[in-house]
Amino acid sequence: MVELTGRQILLAEPFFEGIEETMIWSCLDGSMGRAWADALPPRSVQIVTGCFGFFGGVPSRELAGHIPPEQSYLLAVCPGDWDPLFQELRGEPLTRYALRKDTRFDRKQLEDYRSRLPEGYALRRIDGDLYPILMGEAWSADFCGNFRDRADYLRRGRGFVVMHGGQPVAGASSFTVYRGGIEIEIATKPEHRRKGLALSCGAALILDCLDAGLYPSWDAGSLASASLAEKLGYRQAGAYPAWLLQKHDAPGE
């Protein structure tokens, strides 16, 4: 197994031709993410962006079981030919929901959603002061966690949180970035759910992306997330399978 660096990353491109997945694009365009191959030239490849792993080519046991040192787990997405290897590695099968990437948003509706906050709640852009607070809590760490540091997030990331009692309680942010857009991460603290907070900060982030000429891509890990996306204007592209792989699941560990 060899890591693809620099222009070698382009060797992975043919394995994902025609796949509309921004986290693959993030790696191929050099924005963020890493790639590995079974050999040079490759017969199989793995792209890892954030906690997502994408697999292509001839199924390779070595690549299927590879989780980078900085990750404790991987959400593996691949063609069906790789499924037996993930089963062998005791992966947990999951269902995710893709949203189309050609959405034409209703700005007036989004502006209305952005303004719908209950009394005592306020919208705030994620800034340098909020960065360490968000990184310090499990529910919000993914808002900024795929960027190198605070300066990198402030330069390339974008996001909004809902504040209550001086603390962030919900938010929408760039999980990853690629040339031309972002992949959205959205979350609400459990005790503040069912108040429309995710709807408001999601609308704020989408509007901010549109103003900047960026596409706000959304990939849902649950039907609830897909439903929220549809309310904001997205259309479902269909369910797809994924696998949760954890390091302690590897044989011999």
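About the criteria used
Residues numbered from 1 in each chain as written. Predicted model: local features only at pLDDT ≥ 70, side-chain atom pairs only at ≥ 80, totals over all residues. Heavy atoms only, no water. Helix = DSSP H or I, 4+ residues; strand = E, 2+ residues; numbered from the N terminus. Buried < 20%, exposed > 50% of the residue type's maximum accessible area, 1.4 Å probe, protein only. Contact = heavy atoms within 4.5 Å. Areas by Shrake-Rupley, 256 points an atom, 1.4 Å probe, with all protein chains shown as cover. Lys, Arg positive; Asp, Glu negative; His and termini not counted. Charge placed at Lys NZ, Arg CZ, Asp CG, Glu CD. Core = buried A, V, L, I, M, F, W, Y, C linked by side-chain atoms within 4.5 Å. Phe/Tyr/Trp six-rings, centres within 6.5 Å; stacked < 30°, edge-to-face > 60°.

Novice: Which residues make up the overall build of the protein, and what values do they have?
Specialist: The helix and strand tally for the protein stands at 8 helices and 13 strands. Taken along the three principal axes of its C-alpha coordinates, the protein extends 55 × 35 × 35 Å. For the protein, the residues scored as buried account for 51% of the 253 residues in total. Intrachain contacts of the protein at a sequence separation of at least 6 include 66% that bridge at least 24 residues. If you sum the accessible surface of the protein, you get close to 12000 Å²; carbon and sulfur atoms cover 49% of it. Positive and negative side-chain charges in the protein, numbering 28 and 33 respectively, have mean positions lying 5 Å apart.

Novice: Could you give me a rundown of the nonpolar core, with the residues and numbers involved?
Specialist: Within the largest apolar cluster, 47 residues are counted, with the highest numbers of intra-cluster contacts made by I184, W218, L232 and Y234. Counting only elements with at least two residues in this core, the list comes to strand 6 (92–99), helix 4 (107–115), helix 5 (130–135), strand 8 (159–164), strand 9 (167–178), strand 10 (181–188), helix 7 (197–211) and helix 8 (223–231). The element best represented in this core is helix 7, accounting for 10 residues. Here W218 is in contact with L99, E183, I184, I186, S225, L228, A229, L232 and Y234, once residues within four sequence places are set aside. Formed by 22 residues, the second largest nonpolar core is a distinct cluster that contains A12, F16, I47 and F175.

Novice: Outline the packing of aromatic side chains, supporting the account with residue identities and numerical values.
Specialist: Using the criterion set out here, one finds 13 aromatic pairs in the structure. Seen in terms of ring centroids, F52 and F175 are 6.0 Å apart; in terms of plane orientation they differ by 85°. Their pairing is edge-to-face. Of the two residues, F52 is situated in strand 4 (residues 52–57) and F175 in strand 9; the sequence distance between them amounts to 123 residues. The exposure class assigned to F52 is buried, which follows from its relative accessible area of 7%. Classification of F175 by relative accessible area gives buried; the value is 5%. Pairing F147 with Y153 gives two aromatic rings, centres 5.1 Å apart and planes at 85°, and the pair type is edge-to-face. On the basis of relative accessibility, which here comes to 5%, the residue F147 falls in the buried class. Under the relative-accessibility criterion, Y153 is labelled buried at 1%.

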